[in-house]
Amino acid sequence: QVTEVLDIPEGSLTGDVRLFGMAIQHDILDIEGYRNWTKYATSRNPDVRIFIGLPWEWNPDSTTAADYEASWHAYHPAAVHTLIDQLREEFPYTDFFCIPYGQAAVELYNLYDDGLLPEIDELVSATESSIFTDSHGHANSILIALSELVWLNAIYGVDMLTYAYDPGYIANLKAIANDIAVGHDPDYNA
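Quick summary incoming for the structure in this document. (Residues numbered from 1 in each chain as written. Predicted model: local features only at pLDDT ≥ 70, side-chain atom pairs only at ≥ 80, totals over all residues. Heavy atoms only, no water.)

**Topic: helix H3 (residues 65–90)**
- A rise of 1.5 Å per residue sets the reference length of H3, with its 26 residues, at 38 Å; its end C-alpha atoms lie 37 Å apart and thus fit the reference within 8%.
- Of all the bends in H3, the greatest reaches close to 30° and is centred on His76; the proline Pro77 follows between one and four positions later.
- All of the buried residues in H3 are Ala65, Tyr68, Trp72, Tyr75, His76, Ala79, Val80, His81, Leu83, Ile84 and Leu87. (Helix = DSSP H or I, 4+ residues; strand = E, 2+ residues; numbered from the N terminus. Expected span 1.5 Å × (residues − 1). Bend = angle between axes of the 7 residues up to and from the residue. Buried < 20%, exposed > 50% of the residue type's maximum accessible area, 1.4 Å probe, protein only.)

Structure follows, in structure tokens:
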């Protein structure tokens, strides 16, 4: 039981949750955890919608931008879409979708590599002028801002091309978020 493992008191979670999200850990992809959480979530609210968020890969400075992108595109559909397909088969009345927010790191890395991110001086640095704050791959402000836009589009369907908010960067983060959304397989969208 998920509630026993996490020491959640019985009755502490109600059926008010309409959207439940889980993340992928790139080096561990075992359906059992996703299955258990889905059983628990649907037992509380049979109409709950479930998404799996796919973060960016770690250690970006240990690879080239091209290899970082290739790894993302190889992993994303093969692992996450397959997992969603399995869950859809086991839970046919539950809506599952994916949020590819990790692609934000891929797109920013490519732009940086091509010299097209004027406000970014380094791939990895503790300063604001980088994509990642450390070699492990924790997000700096620009990556957080772009990821937020991807989430906003994926969950709420906000049209990035007409969205009035200005994230405050020279790079057109809304257009990048739109491209990520348009390029994502619609069978795995909300």
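**Some thoughts on the pattern of salt bridges**
- Inspection of every chain in the model, using the stated rule, returns three salt bridges.
- Here Asp95 makes a salt bridge to Arg49, at a shortest N to O gap of 2.7 Å. Taken as a pair, Asp95 in strand S3 (residues 95–99) and Arg49 in strand S2 (residues 49–53) lie far apart in primary sequence, 46 residues in all.
- The class of Asp95 is partly exposed, set by a relative accessible area of 31%.
- We classify Arg49 as partly exposed; its relative accessible area is 29%.
- One salt-bridge network, in which partners are shared between bridges, spans Glu32, Arg35 and Glu90. (Salt bridge = Lys/Arg side-chain N within 4 Å of Asp/Glu carboxyl O.)

**With respect to the sheet that holds S3**
- Pairing in this open sheet of three strands is parallel, and the strands run S1-S2-S3 from one edge to the other. Each edge of the open sheet carries a strand with a single partner, namely strand S1 (19–23) and S3. Averaged over all pairs of adjacent strands, the angle between their axes in this sheet comes to 25°, without regard to strand direction.
- Taken together, the five bridges between S1 and S2 define a ladder with parallel strand orientation. Bridge pairing links Ala23 to Gly53 in S2.
- Each of S1, S2 and S3 touches helix H5 (residues 141–156); the most contacted strand, S3, lies at about 160° to it. (Pairing = 2+ DSSP bridges. Axes fitted to C-alpha atoms, helices over the stretch in contact; angles between N-to-C directions. Contact = heavy atoms within 4.5 Å.)

**Examining the nonpolar core**
- Counting residues in each nonpolar core, the largest one holds 52 residues, and the members touching the most others are Ile131, Leu143 and Leu173.
- The element contributing the most residues to this core is H3, with nine residues. (Core = buried A, V, L, I, M, F, W, Y, C linked by side-chain atoms within 4.5 Å.)

**Some details on the packing of aromatic side chains**
- Within the structure shown, the criterion is met by 10 aromatic pairs.
- Arranged with centres 6.2 Å apart and planes meeting at 85°, the rings of Trp37 and Tyr40 form a pair that is edge-to-face. With a gap of three residues between them, Trp37 and Tyr40 both fall in helix H2 (residues 31–44), about one helical turn apart.
- On the basis of relative accessibility, which here comes to 9%, the residue Tyr40 falls in the buried class.
- An aromatic cluster of three or more residues is present, and its members are Phe51, Trp56, Phe97, Tyr101 and Trp151. (Phe/Tyr/Trp six-rings, centres within 6.5 Å; stacked < 30°, edge-to-face > 60°.)

That's the geometry; what it means functionally is another story.
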